[in-house]
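Each chain is listed here by its residues.
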Amino acid sequence: MTITGIAAIGAGLAAIGAGLGIGRIGGSAMDAMARQPEIQGKIQTSALILAAFVEAVALFGVVAALIV
Amino acid sequence: MDLITPGLGLVFWTVITFLFLLIILKKFAWKPILGAVSEREDGIVKALASAENARKEMENLHADNERILKEARAERELLLKDAREIKIKMIDDAKGEAKSQADKIIVQAQEAIESEKKAAMAELKKHVADLSIEIAEKVVRAELSNKDKQMQLVDSMLGEAKLN
Amino acid sequence: MTLNTFKNVFFSALFIAISFAGYASENPDNENDKAFNAKEMIMHHVKDAHEFHIVDWNNKPITIALPIILWTDQGLTTFMSSEFHHDDSGSHVVEKDGQKFVKFHEKIYQLDANAQKVTFDAEHHPTNASQPTDFSITKNVFMMWVSVIVLLIVFISTARVYKKSNNKVPTGIAGFMEPLIVYVRDEIARPMIGEHKYKKYMPYLLTVFFFIWVNNIFGLIPFFNGANVSGNIAFTLTLAVFTFIVTNLSGNKNYWKHIFWMPGVPVPMKIFLMPIEIVGMFVKPISLMIRLFANITAGHIIILALMSLIFIFETVFVAPVSVGFALFIGLIEIVVTAIQAYIFTVLSALYIGMATEEAHH
């Protein structure tokens, strides 16, 4: 397997991690919204920001895969 | 690798473009827009506050009016009561006056009647006496023309007088 | 009912596509020299270019020529990109002021003084040419300027509405733009930076938000589709550096104390945390840069890859599937344009807010 292939696998693994993380954030945000619909807006904002943070980690992985 | 190597030219132009955009928009767009928006919001806040004030003032005014009205009503009540009292008193006074006046008049009238009666009685008595004397004179004149009869009368009268 | 019909049509289309894919792969002898290379095509579209390529018509590319500005050891050299005659393989040499230039994979190389033709080593790096500093007005710069013109027209006319009306009621375009501006102010700047300090950063945040958003949207419009401005790392790098500068210039004593000498922890921990915090200071803008770049570029790559399926399978029957999927991704991308602009602005505001936060313990 070439280095590019390994890099692609790495990018895929990073995507799995981010997918799990964002999934958890989304699920918990939904729970929280169901529990307290009155602060839905705030929860949504925080969830978006947190998803962005998690996503950043995956994107670091993708970029690392692009570099090699 | 190529994809994530920033090209110097594009960085250069982005810096220039972004700074240009930032300065122009700041001066000609964000400042007037944000100023207008916040001005309007301040205006709304002020308008709301003044409306609230006006409402409170109205409430105060209303309360004042209510109070004045109540006072006026109480005053009127008082005045009416006074008037009624005065009226009753006046009527009572008038009644008393009238009564005393009437009593006086009655008393006077009674006195007058009494004195009139007395006078009338006296007159009557005098008349009666005059009449009796006249009658007696007439009778005596007639009787005394006959000697027997004179004696008889004197006797009967003497007899009567004894009985008294 | 309609949904079921749609599902049936969709899956039969998908099935046809798969069977044709099998057919296509069974006939490899169809390939000729000009075999479709999806990776090359996608990379060509995602990357910057020196000319604005609109369409190929009768095998002749129709392009808008853009000026090329180079800084060589002899000073500034400028010429139009049309002088390369659409050549991107390094075979056409342009001579200017005694200097020879070739364009290879959208990079301009200056040939060494005595070389007549560029030669490449095994890894496609030119052996007898060097790269001058390239300040060309490329496709991305051109599109960026178009977006700037659009932004200026939109927002200056918005501002004029307020100037004209004396009661400050938003009408026309202002009625549309004002909620967005107020959203940035009330949902991004105020909660992230704080009531007292947010005003100073409003112009920066608003400019960043709308600049990114408009460029994201332009990237989705088919005619401009080649111009992947906000998906270019140079663009996101610049904006991230601006956020980094703004954050650190507005950093107060409390902010620097938290980086170099974290209060409230024992001394060994302070020493341990210091390098982490210093790295964190740089990771924040780097993550901003990579997030925007990767999201927008990924969107472009996915749409182009779906479209490439038609040419990879060499059958028109894949087209409904490709177009359907690309449309679906396109719709998601429309949401992503706004979300990424929002995220970039929110995180910039958050970092600024962290830097200007007063000590509270």
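Rules used in this analysis
Residues numbered from 1 in each chain as written. Chains lettered and ligands numbered in written order. Predicted model: local features only at pLDDT ≥ 70, side-chain atom pairs only at ≥ 80, totals over all residues. Heavy atoms only, no water. Helix = DSSP H or I, 4+ residues; strand = E, 2+ residues; numbered from the N terminus. Buried < 20%, exposed > 50% of the residue type's maximum accessible area, 1.4 Å probe, protein only. Areas by Shrake-Rupley, 256 points an atom, 1.4 Å probe, with all protein chains shown as cover. Lys, Arg positive; Asp, Glu negative; His and termini not counted. Charge placed at Lys NZ, Arg CZ, Asp CG, Glu CD. Axes fitted to C-alpha atoms, helices over the stretch in contact; angles between N-to-C directions. Parallel < 35°, antiparallel > 145°, perpendicular 65-115°, else oblique. Left-handed = near helix turned anticlockwise from the far one by under 90°. Contact = heavy atoms within 4.5 Å. Nonpolar A, V, L, I, M, F, W, Y, C, P; charged D, E, K, R; others polar. UniProt positions renumbered as here; feature names shortened; annotations may be inferred. Pairing = 2+ DSSP bridges. Buried area = accessible area lost by both parts, 1.4 Å probe. Salt bridge = Lys/Arg side-chain N within 4 Å of Asp/Glu carboxyl O. Polar contact = N/O pair within 3.5 Å; in protein donor to acceptor, adjacent residues only side chain to side chain. Domains from an automatic or database assignment. Patch = residues over 30% accessible without salt bridge, like charges linked within 9 Å, V, L, I, M, F, W, Y side chains within 5 Å. Phe/Tyr/Trp six-rings, centres within 6.5 Å; stacked < 30°, edge-to-face > 60°.

1. Side note on the overall build of chain B
Then, in step 1: Each helix and strand counted, chain B has two helices and zero strands in total.
Then, in step 2: Dimensions of chain B, computed from the C-alpha atoms along their principal axes, are close to 200 × 25 × 15 Å.
Then, in step 3: A buried classification covers 12% of the 164 residues belonging to chain B.
Then, in step 4: With an accessible surface of roughly 13,400 Å², chain B has 63% of that area assigned to carbon and sulfur atoms.
Then, in step 5: Within chain B, the 29 negative side-chain charges are centred at a point lying 3 Å from the centre of the 27 positive side-chain charges.

2. Overview of the packing of helix 3 (residues 139-164) of chain C against helix 5 (residues 198-220) of chain C
All names here are of chain C.
Then, in step 1: Across the interface, helix 3 lies against helix 5 with an axial gap of 10 Å and an inter-helix angle of 120 degrees. On the basis of their axis angle, the class for helix 3 and helix 5 is oblique. Viewed along their axes, helix 3 and helix 5 form a crossing whose handedness is right-handed. Facing helix 3, whose interface residues are Met143, Met144, Val146, Ser147, Val148, Val150, Leu151 and Phe155, helix 5 presents Phe210, Phe211, Val214, Asn215 and Phe218.
Then, in step 2: By residue class, the composition of the contact of helix 3 with helix 5 is 11 nonpolar, two polar and no charged.

3. Concerning the UniProt feature "transmembrane region" (unreviewed entry) in chain C
Then, in step 1: Following the UniProt record, one finds the feature "transmembrane region" (unreviewed entry) at residues 142-162, 201-223, 229-247, 259-283, 289-313 and 325-352 of chain C.
Then, in step 2: As annotated, residues 142-162 of chain C comprises 100% helix and 0% strand, and the C-alpha atoms at either end are separated by 31 Å.

4. Remarks on the sheet that holds strand 7 (residues 107-111) of chain C
Then, in step 1: Ordered in space as 5-6-7-8 (chain C), the four strands form an open sheet in which the pairing is antiparallel. Two strands lie at the open edges of the sheet, namely strand 5 (94-96) and strand 8 (129-130) of chain C, each paired on one side alone.

5. Digging into the interface of chain C and chain B
For an interface, size is often stated in terms of accessible area lost upon the parts coming together.
Then, in step 1: Contact with chain C, which involves 49 residues of that partner, is made by 35 residues of chain B.
Then, in step 2: Here chain C packs against chain B, burying approximately 3,700 Å² in sum over the two surfaces, 81% of which is carbon and sulfur.
Then, in step 3: The tally of links between chain C and chain B comes to two salt bridges.
Then, in step 4: For Arg185 of chain C, the salt bridge is made with Glu41 of chain B, and the minimal N-O distance between the two is 2.7 Å.
Then, in step 5: Counting across the interface, chain C meets chain B through seven residue pairs in polar contact (both at pLDDT 80 or more).
Then, in step 6: The biggest single contributor to the side of chain C that touches chain B is helix 3 of chain C, with 12 residues.
Then, in step 7: Its residues assigned to classes, the side of chain C that touches chain B comprises 33 nonpolar, nine polar and seven charged.

6. Regarding the UniProt feature "coiled-coil region" (unreviewed entry) in chain B
Then, in step 1: Residues annotated in UniProt with the feature "coiled-coil region" (unreviewed entry) correspond here to residues 44-89 of chain B.
Then, in step 2: In residues 44-89 of chain B, helix accounts for 100% and strand for 0%; the two terminal C-alpha atoms are 66 Å from one another.

7. A word on the interface of chain A and chain C
Then, in step 1: With 11 residues of chain A in contact, the opposing surface of chain C contributes 17 residues.
Then, in step 2: Both faces combined, the contact of chain A with chain C buries some 1,100 Å², and carbon together with sulfur accounts for 81% of it.
Then, in step 3: Taken together, the links from chain A to chain C amount to one salt bridge.
Then, in step 4: Across the pair Glu55 of chain A and Arg291 of chain C runs a salt bridge whose closest N-O atoms are separated by 3.8 Å.
Then, in step 5: In this structure, the connection of chain A to chain C is made through two residue pairs in polar contact (both at pLDDT 80 or more).
Then, in step 6: For the side of chain A that touches chain C, the class distribution of residues is nine nonpolar, one polar and one charged.

8. Regarding the domain arrangement of chain C
Then, in step 1: What the domain assignment reports for chain C is domain 1 (67-136) and domain 2 (140-356).
Then, in step 2: Centre-to-centre separation of domain 1 of chain C and domain 2 of chain C, based on C-alpha positions: 34 Å.

9. Points about the pattern of salt bridges
Pairs may arise between side chains of opposite charge once their charged atoms sit close together.
Then, in step 1: The full count for this structure, using the stated rule, is 11 salt bridges over all chains.
Then, in step 2: For Glu195 of chain C, the salt bridge is made with Arg190 of chain C, and the minimal N-O distance between the two is 3.2 Å.
Then, in step 3: Taken together, the shared-partner salt bridges in this structure form one network comprising Glu41 of chain B together with Arg185, Asp186, Arg190 and Glu195 of chain C.

10. Re a positive patch on the surface
Then, in step 1: Together, Lys26, Lys27 and Lys31 of chain B together with Arg160, Lys163 and Lys164 of chain C make up a region of like positive charge exposed at the surface.
Then, in step 2: Of all elements in the fold, only helix 1 (8-143) of chain B together with helix 3 of chain C reach the threshold of two or more residues within the positive patch.
Then, in step 3: Among the structural elements, Lys31 of chain B can be located in helix 1.
Then, in step 4: When its relative accessible area of 61% is taken as the criterion, Lys31 of chain B is described as exposed.

11. Remarks on the packing of aromatic side chains
Then, in step 1: Tallying each qualifying case throughout the model produces 19 aromatic pairs over all chains.
Then, in step 2: Aromatic side chains Phe209 of chain C and Phe210 of chain C sit 5.1 Å apart centroid to centroid with 80 degrees between the ring planes, which places their arrangement in the edge-to-face category. Accessibility classification places Phe209 of chain C together with Phe210 of chain C in one group, the buried group.
Then, in step 3: Aromatic ring contacts, followed pair by pair, group Phe18 of chain B together with Tyr204, Phe211, Phe235 and Phe242 of chain C into a single cluster.

12. As for the sheet that holds strand 9 (residues 133-134) of chain C
Think of a sheet as strands paired side by side through backbone hydrogen bonds, with each pair either parallel or antiparallel.
All names here are of chain C.
Then, in step 1: On the basis of which strands lie adjacent, the open sheet formed by three strands has the order 4-3-9 and antiparallel pairing. Each end of this open sheet is capped by a strand with a single partner; those strands are strand 4 (75-80) and strand 9.
Then, in step 2: Relative to strand 9, strand 3 (residues 67-72) is paired through two bridges, and the arrangement is antiparallel. Within strand 9, the residue paired with Trp71 across the bridge is Thr133.

13. Comments concerning the side chain of Thr337 of chain C
Residue and element names in this part refer to chain C.
Then, in step 1: Tracing the sequence through the fold places Thr337 in helix 9 (residues 319-356).
Then, in step 2: A relative accessible area of 3% places Thr337 in the buried class.
Then, in step 3: Here Trp213 takes part through its side chain, which lies 3.5 Å from a polar atom of the side chain of Thr337.
Then, in step 4: Setting aside chain neighbours within four positions, we find Thr337 in contact with Trp213, Asn216, Ile217 and Leu220.

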